[in-house]
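# Understanding the architecture of this molecule
Spelled out, the chains give:
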Amino acid sequence: MKKGNIIIELTNISKEFDGNLVVEDFNLYVRKGEFITFLGPSGCGKTTTLRMIAGFEMPTQGSIMLNGEDITNLPPYKRPINTVFQRYALFPHLDVYDNVAFGLKLKKVKDIVKKNGEIKEIERKLTVKEIDEKVMKALKIVDLEEFETRDISTLSGGQQQRVAIARAIVNEPEILLLDEPLGALDLKMRKDMQLELKEMHKKLGITFIYVTHDQEEALTMSDTIVVMKDGIIQQIGTPTDIYNEPKNAFVADFIGESNIYNGTITGNKEVLFLNHVFECVDDFPKNEKVDVVIRPEDIFLMDEDKGMVKGKLVSKTFKGVYYEYVLMVGKNEVVIHDTKEYDIDQIMSIYIKPFDIHIMKKEFVSNVYEGYINKNNDVCFAEGEFECDVTQLIPNSHVDEEGYLVDEKGIKYDLTDADVKVEIGLKDIEIIDNEEDGNVSGEIVSIIYKGDHYQVIIRTEEYDDFVVDTEYTWNEFDKVSVKVPKECIKITLKHEVKNYVKD
Amino acid sequence: MSKIKFQRKHLSIPYAAFLLLFVVLPLILIVYYALTDVNGTISLKNFINFFKDKNKLGLLSFSVIIGVANTVLCLLIGYPIAMILSNRKYNKSMVMVLLFVMPMWINFVLRTAATRDLLYWLGINGGENPYLATMIGMVYNYLPFTILPLYTTMLKMDKSLIEASYDLGAKPYQTFYKTIIPMTMPGIVSAATMVFMPTMSSFVISDIMGERKISLIGNAIQFNFDQSRWHDGSLIALIMLLIIGIITLLTKNIQKEENVRGGLW
């Protein structure tokens, strides 16, 4: 990849807070003049990354290069970078003019003067006139020309927002950082400001790094989007790339609406889902289990006999430009956006073009943990104790009354503290409403709907994840516990079995 | 017999009675005594005498100097302490705040006497160094009153403003005097008023610490009332009241930012 014109480059950046990894191995470069957006749900590390670029946080690991110079440990006041803060952070003791002039009054510029015929380079402060010109120009850009003497507290949210932007751009930074700047504005205002910011970006030619959790905002404004989750970059690409070619089910679900199904590759560019073999364009090995993503607007509704798969139209919602339909194909829901009006409760069929079927490698096939056997022959992992069948470790064995495992030859094994690998299928975990009733409790951190079931991720306090396929609806941030039936826990010994012979 | 129906506004009766009895009435009495002579005739003679008396004017200005000195010292010592206390990094359990505020819970006279003895033990004799001993006693007594309003203002201060200041190119010292000081101004003002006024009118600290070698305006008030010179005593009290009133009016203008509350009034 060509790396010409790079203004800032982050290499292997990691950040830890109290032992929790908030940003993990973050690699990114940004070209001069680019509008780049960090997009992700709250707590994904996007703001922390921005704060490391601004200099408010020091990365635990890695380096930040600005124009080829290492600025990793440079304090914020020495970086040619300015920030528009989430809640504006305007100085309440200064009026609009002085807020905007704050940075200029501190700035030193290099100047060449002629003194006694000698040409000297000196550092000087900006003159009052220079400051005045720049402040007025900045206020003009944000449309606040008549507001110089106004008190900050008399301004509306949108006006404060503009002052915050003017205060940052007046310093002519090389990079402008914007931390969810439109979060506090109402919808209409937000839409207007999005366009204005985009316009400003074009006019000023400054590199913008923008943080938001609003996918629509990201798609509207950015040249490049960085999708993040749990401190890890999921995908980097242009808005069209990210929308049309999401790399995994998380990105597909987060960006726009999508239908996500479990599929199986049945042959060369053939995939089975919704009980039908579809032609597709992605190449995957045969029999591989995959996630299939289809955007609702890429599915065409047709008369009963004309399409590929039949189903019953069960719901219709008017959305302004289009109708949103839900078609039940067997047990699977298919969400379709169509501009034409159809009556519900009739049998219809759908048609999908091969290149609109996006196929991705499955992120989770099963849950795998490291654990050990305790003296009750239970297995301990992910902060919990689970009953399990230890006889699966040695064929044809049984447990005697003292708790030792005995094989067919009568050799006794003491498995206490034996390290094991634990594997549990996605469908074998039961989620329980009551935190106390299961083996381990945790919080639901993600829910992805996959046609006929949900994929739920439950995270324990110590950051162990349980990925569960369930038919029941749960809510994000629910506190739940998980339970696994004895027969569904698959364990394998990590060391050779002879280490555990009891003599 | 007409039944008196209980109404919401009747709840205010105890407070009104209290205010009348303990605030308005004493004030009227002070004004009355200040503006009358021994025979009960109204005259401004007391006033004129006060401002003609060089000793009394000297006493007033000396009290102002002590008050200013104590305020400045308390702010200089209290400001950094409040900054440290309001920083979660250094003060995780709030125990430190308690340690600084706890002296306020001990009886004031006892505390001051103990300070004098402690200083004596350290070799600072109140009789020989009345000014130093009084100053130490004053700072020690009024430091908690400085720290508390500063601490609450700093706790409420939006930390992102400090970041914004750094972000705009202000070095740490520039951030301190361009952002942190103006932002904590309400706290500084209320700390100053809480220290300055009581210092001027206190007499216990100067009596105990300075072993009666230092006289402040508070001592003068006490002396006059002890000698049953009600008219002179009330006059000095009234002058103090006016000074306090003027200062409060002036500081109100400084605290114009309504969104940065932290002051006590």
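## Examining the overall build of chain A
- Within chain A one finds 8 helices and 35 strands.
- C-alpha extents for chain A along the principal axes are approximately 105 × 70 × 45 Å.
- Per-residue burial for chain A yields a buried fraction of 49% across its 503 residues.
- Within chain A, contacts between residues separated by at least 24 positions form 65% of all contacts whose residues are at least 6 apart in sequence.
- As displayed, chain A has an accessible area near 25,100 Å², and 46% of this comes from carbon and sulfur atoms.

## Digging into the interface of chain B and chain A
- With 21 residues of chain B at the interface, the matching set in chain A holds 22 residues.
- In terms of surface lost to chain A, no three residues of chain B exceed Glu-163, Asp-167 and Leu-168 of chain B, which account for 35% of the buried area on that side.
- Our count for the contact surface shared by chain B and chain A stands at 1 salt bridge.
- Ionic pairing is found between Glu-163 of chain B and Arg-51 of chain A, a salt bridge with its closest N-O pair at 2.6 Å.
- Viewed at the interface, chain A and chain B are joined by 5 residue pairs in polar contact (both at pLDDT 80 or more).
- Breaking the side of chain B that touches chain A down by element, the ones donating at least two residues are helix H7 (159–167) and helix H8 (172–183) of chain B.
- For the side of chain B that touches chain A, the element with the most residues is H7 of chain B, which contributes 7 residues.
- Within the side of chain B that touches chain A, the residues separate by chemical class into 9 nonpolar, 6 polar and 6 charged.

## Notes on a negative patch on the surface
All names here are of chain A.
- Together, Glu-383, Glu-435, Glu-436, Asp-437, Glu-461 and Glu-462 make up a region of like negative charge exposed at the surface.
- Among the structural elements, Glu-461 can be located in the loop between strand E32 (454–459) and strand E33 (465–470).
- Among the residues examined, Glu-461 registers a relative accessible area of 73% and is labelled exposed.

## With respect to the environment of Lys-15 of chain A
All names here are of chain A.
- Along the chain, Lys-15 turns up in strand E1 (residues 6–17).
- Exposure remark for Lys-15: the relative accessible area of 9% places this residue in the buried category.
- Taking the C-alpha atoms as reference points, Lys-15 and Gly-384, separated by 369 residues in sequence, lie 28 Å from one another.
- Setting aside residues up to four positions removed in sequence, Lys-15 forms contacts with Asn-20, Leu-21, Val-22, Val-23, Thr-48, Met-52, Glu-57, Met-58, Pro-59 and Thr-60.
- Polar side-chain contacts of Lys-15 include one of 2.8 Å to the backbone oxygen of Met-58.

## What to know about the nonpolar core
- Among the nonpolar cores identified, the biggest contains 68 residues, and Ile-8, Phe-26, Phe-38 and Ile-209 of chain A are the most heavily contacted of them.
- Among the elements that line this core, the one with the most residues is helix H6 (residues 130–156) of chain B, at 10 residues.
- Here Phe-38 of chain A is in contact with Phe-26, Leu-28, Lys-46, Thr-49, Leu-50, Ile-53, Ile-209, Tyr-210, Val-211, Thr-212, Val-226 and Met-228 of chain A, once residues within four sequence places are set aside.
- Leu-139, Ile-169, Leu-176 and Met-221 of chain A belong to the second largest nonpolar core, which has 37 residues in total.

## Re the pattern of salt bridges
- Tallied over the entire structure, the rule returns 26 salt bridges over all chains.
- Taken together, the shared-partner salt bridges in this structure form one network comprising Arg-51 and Glu-57 of chain A together with Glu-163 of chain B.

## Digging into the side chain of His-358 of chain A
Residue and element names in this part refer to chain A.
- Note on placement: His-358 falls in strand E22 (residues 358–361).
- Take His-358: its relative accessible area is 6%, and that puts it in the buried class.
- A polar contact of 3.0 Å, which involves the side chain of His-358, links it to the backbone oxygen of Asn-244.
- Residue contacts for His-358: discarding those within four places in its chain leaves Asn-244, Glu-245, Asp-282, Asp-291, Val-292 and Val-293.

## Section: the domain arrangement of chain A
- Taken domain by domain, chain A holds domain 1 (6–80 + 173–244), domain 2 (257–361) and domain 3 (366–500).
- A straight line from the C-alpha centre of domain 1 of chain A to that of domain 2 of chain A covers 35 Å.

## Comments concerning the confidence of the model for chain A
- Looking at chain A as a whole, its pLDDT mean stands at 88, while 99% of the residues score no less than 70.
- The secondary-structure element of chain A with the lowest mean pLDDT is strand E7 (residues 108–115) of chain A, recorded at 79, while strand E3 (residues 35–39) of chain A shows the highest, at 95.

Definitions and limits used
Residues numbered from 1 in each chain as written. Chains lettered and ligands numbered in written order. Predicted model: local features only at pLDDT ≥ 70, side-chain atom pairs only at ≥ 80, totals over all residues. Heavy atoms only, no water. Helix = DSSP H or I, 4+ residues; strand = E, 2+ residues; numbered from the N terminus. Buried < 20%, exposed > 50% of the residue type's maximum accessible area, 1.4 Å probe, protein only. Contact = heavy atoms within 4.5 Å. Areas by Shrake-Rupley, 256 points an atom, 1.4 Å probe, with all protein chains shown as cover. Buried area = accessible area lost by both parts, 1.4 Å probe. Salt bridge = Lys/Arg side-chain N within 4 Å of Asp/Glu carboxyl O. Polar contact = N/O pair within 3.5 Å; in protein donor to acceptor, adjacent residues only side chain to side chain. Nonpolar A, V, L, I, M, F, W, Y, C, P; charged D, E, K, R; others polar. Patch = residues over 30% accessible without salt bridge, like charges linked within 9 Å, V, L, I, M, F, W, Y side chains within 5 Å. Lys, Arg positive; Asp, Glu negative; His and termini not counted. Charge placed at Lys NZ, Arg CZ, Asp CG, Glu CD. Core = buried A, V, L, I, M, F, W, Y, C linked by side-chain atoms within 4.5 Å. Domains from an automatic or database assignment. pLDDT = per-residue confidence, 0-100.

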